[in-house]
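Working through the structure, step by step
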Amino acid sequence: MVWRPGLSAGDRPVRLIDAHVPAALCPALAAVAGGRERIAVDITLADGRVVAIEPAGQARGEGATDLDGGLVFPAFADVHTHLDKGHIWPRTDNPDGRFGTALNACEIDRRQNWTAEDVRRRMDFALRAAEAHGTRLIRTHIDSSPPQHRISWPVFAAMREAWRGRVELQGVALIGIDELPEGSDLDAYVSVVADHGGMLGAAVYPIDDLDARLKRLFDAAVRFGLDLDFHADEALDPEAHGLRRIAETALETGFPGQITVGHACSLTVQADDEVCRTLDVVARAGITVVTLPLCNLYLQDRHPGRTPRLRGATIVQEMAGRDIPVAIASDNTRDPFYAYGDLDMLEVYRAATRILHLDHPLGDWPAAVTRVPAAMMGEPGRGILETGAPANLVLFRARSFSELLARGQDDRIVVRDGVVLDRVLPDYRELDDLFGA
Ligand SMILES: [Zn+2]
């Protein structure tokens, strides 16, 4: 059966009746949720906005669209991606699937192939996939090792304008912390990022002068008024304490901006007292954390002929227990860091739920792919189902979380500003000419 409810736009209100919404995403009705995972509601849309969410049974009448118990989510927010690396797999794969191989392969591919046109084509492809899956906000890291920053940042800024109103974009400059320029070179580097509306960041791993380098990056962020987003401790190395050092630097400098840190895999192999020390300082510094479980599963504890035991996805339940905001995000797609992926946040949420046991109880975890990352991106009114919010919705045939997470939900309906999107996933063949095919 093809499921196409008769939802249409126009200037008359649209009533969606007999829907379910995740209780975690509908704060106005939390009182009636009574601890349940979902709430039965009727939703009215008008002028591209949600104008009413009421307990089911209120909004009957002519022209109503009966969702027959189906779940409604707000549009997804994906706060950690790599649009500039995406989809290079056909020309640059990862023959052993390991982290170091991925790093080297991407660097070679970048030096040889990343013209403005190459980056633009692959970014556009990835964005069309994300849009079709129901995502409206994306933050992407952008490989910014000079001279690539002068190629990729203008492309990113143009894409952000071209996609405004479809998918809103933020960019973060990604560079190895040991590659960070010094002196006047640092300001020249940061100027390129700032001029294109980006944020600063770095990949952080154990090196001798880590503290001094972090301090230099924080100082630059303050001088230019930029927020920070790091990759930290993306390894099963108990000696990797990058997350803690970032948090301590934030406290020591009184950093006024926002700080996000992704990965923190090393916490999964550290002693409990070490972990507690780190989480205490992370909570005090007001840092938000992003877990990237699909990429971690792919790269961590990979050894030829040996089944992985350690999976690397960080300790999100302990973080949530200390009120550290945690988001779940995609990370890489079809590049040497991850051979698969399609920027489908339902796939990511579904995998995270299973890998990290984000169920029984479900708690607030649906917010980790919607409300929490939207707030990290400075859009606290998004990723939430409330009166006045933009009518950016994903409608599922599934009625419960068991039904939702059992299947891929390829028949979902994406509503953008009150209008049903014509969901078409881009065809991989479109990019064949980039790979000499
Ligand atoms: Zn990443």
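Note that the coordinates shown come from a computational prediction; the quantities given were computed from them, not determined experimentally. (Residues numbered from 1 in each chain as written. Predicted model: local features only at pLDDT ≥ 70, side-chain atom pairs only at ≥ 80, totals over all residues. Heavy atoms only, no water.)

1. Digging into the sheet that holds strand β6 (residues 76-81)
Applicable threshold: Note: two strands are recorded as paired if DSSP finds a minimum of 2 bridges between them. Helix and strand assignments follow DSSP, with helices taken as H or I runs no shorter than four residues and strands as E runs no shorter than two, numbered in order from the N terminus. Here the axes come from fitting lines to C-alpha atoms, over the contacting stretch only for helices, and the angles between their N-to-C directions go from 0 to 180 degrees.
Overall, parallel pairing links the three strands, which are arranged β6-β7-β8 in an open sheet. Both outer strands of the open sheet, β6 and β8 (168-174), are each paired with one neighbouring strand and no more. Direction aside, neighbouring strands of the sheet carry axes that sit 10 degrees apart on average.

2. Observations concerning the layout of surface pockets
The cut-off we apply is this: Using only the protein atoms, space was sampled on a 1 Å grid; points where a 1.4 Å probe fits but cannot get out form cavities, open sets with protein on both sides within 12 Å along at least five of seven lines form pockets, and lining residues are those with an atom within 4 Å of a point. Grid points are joined across faces, edges and corners, and a volume is the space filled by probe spheres set on the points. Three categories are distinguished: nonpolar for Ala, Val, Leu, Ile, Met, Phe, Trp, Tyr, Cys and Pro, charged for Asp, Glu, Lys and Arg, and polar for the others, with Gly belonging to the last.
Looking at the largest pocket, its volume works out to about 570 Å³. F99, L103, A203, Y205 and F337 are, among the 30 residues lining the largest pocket, the residues nearest its centre. At the level of elements, α2 (99-113) and β9 (203-204) are the ones that each hand at least two residues to the lining of the largest pocket. The biggest single contributor to the lining of the largest pocket is α2, with six residues. A class-by-class count of the residues in the lining of the largest pocket yields 14 nonpolar, seven polar and nine charged. When its volume is computed, the second largest pocket comes out at roughly 270 Å³. Residue lining of the second largest pocket: 15 residues in total, with I324, P325, V326, D364 and V372 positioned closest to the centre.

3. A short note on the environment of I108
Mapped onto the secondary structure, I108 falls in helix α2. I108 sits 79 residues away from D187 along the chain, and the two C-alpha atoms are 26 Å apart.

4. Details of the coordination of the zinc ion
Operational definition: Any nitrogen, oxygen or sulfur atom within 2.8 Å of a metal ion counts as a donor, with the limit raised to 3.2 Å for Na, K and Ca, and since water is left out, coordination shells can look unfinished. For four-coordinate sites, all angles between 85 and 135 degrees define a tetrahedron; for four- and six-coordinate sites, opposite donors beyond 155 degrees with the remaining angles between 65 and 115 define square planar and octahedral shapes respectively, and all other cases count as irregular. Exposure categories follow from relative accessible area, calculated using a 1.4 Å probe and restricted to protein chains: below 20% of the type maximum is buried, above 50% is exposed, and the middle band is partly exposed.
Donor atoms from the polypeptide that coordinate the zinc ion comprise H80 (NE2), H82 (NE2), H231 (NE2) and D331 (OD), at 2.1 to 2.3 Å from the metal. Its four donor atoms give the zinc ion angles of 89 to 175 degrees at the centre, a pattern that matches the irregular case. Classification of H82 by relative accessible area gives buried; the value is 4%. Assessed through its relative accessible area of 2%, D331 is described here as buried.

5. Some remarks on the domain arrangement of the protein chain
In plain terms, the rule: Throughout the structure description, domain borders are defined by an automatic or database domain assignment. Any two residues having at least one pair of non-hydrogen atoms within 4.5 Å are treated as being in contact. Salt bridge, as applied in this entry: a Lys or Arg side-chain nitrogen positioned within 4 Å of an Asp or Glu carboxyl oxygen.
The assigned domain composition of the protein chain is domain 1 (14-74 + 385-420) and domain 2 (76-376). Computed over C-alpha atoms, the centres of domain 1 and domain 2 are 31 Å apart. Taken together, the contact pairs 20 residues of domain 1 with 21 residues of domain 2. Linking domain 1 with domain 2 are three salt bridges, by the criterion used here. The residue D417 makes a salt bridge to R136 at a minimum N-O spacing of 3.8 Å. For the side of domain 1 that touches domain 2, the secondary-structure elements that each account for two or more residues are β5 (72-74), α13 (401-406) and β15 (413-416). For the side of domain 1 that touches domain 2, the element with the most residues is α13, which contributes four residues. Across the side of domain 1 that touches domain 2, the residue classes break down as twelve nonpolar, three polar and five charged.

6. A few points about the side chain of E131
Checked against the element boundaries, E131 lands in helix α3 (residues 116-133). Here E131 falls in the buried class, since its relative accessible area comes to 9%. Setting aside residues up to four positions removed in sequence, E131 forms contacts with W163, R166, V167, V414, R416 and L421.

7. Observations concerning the packing of helix α6 (residues 210-224) against helix α7 (residues 242-253)
Under the convention used in this document: Orientation is classified from the angle alone, with under 35 degrees giving roughly parallel, over 145 giving roughly antiparallel, 65 to 115 giving roughly perpendicular, and any other angle giving oblique. For a crossing to be left-handed, the near helix must be turned anticlockwise from the far one by less than a right angle; the clockwise case is right-handed.
The contact between α6 and α7 brings their axes to 10 Å, and the two run at 50 degrees. Here α6 is positioned oblique relative to α7, judged by the angle of their axes. Seen along the crossing, α6 lies across α7 with a hand that is right-handed. Note on element contacts: α7 touches α6 through G242, R245, I246, T249, A250 and T253, opposite L210, D211, L214, K215 and F218. By residue class, the composition of the contact of α6 with α7 is five nonpolar, three polar and three charged.

8. With respect to the pattern of salt bridges
Applying the stated criterion across every chain yields a total of 31 salt bridges. Taking the shortest distance from any N to any O, the salt bridge between D109 and R91 comes out at 2.7 Å. Of this pair, D109 sits in helix α2 while R91 sits in the loop between β6 and α2, and the two are 18 residues apart along the sequence. You can call D109 buried: its relative accessible area is 1%.

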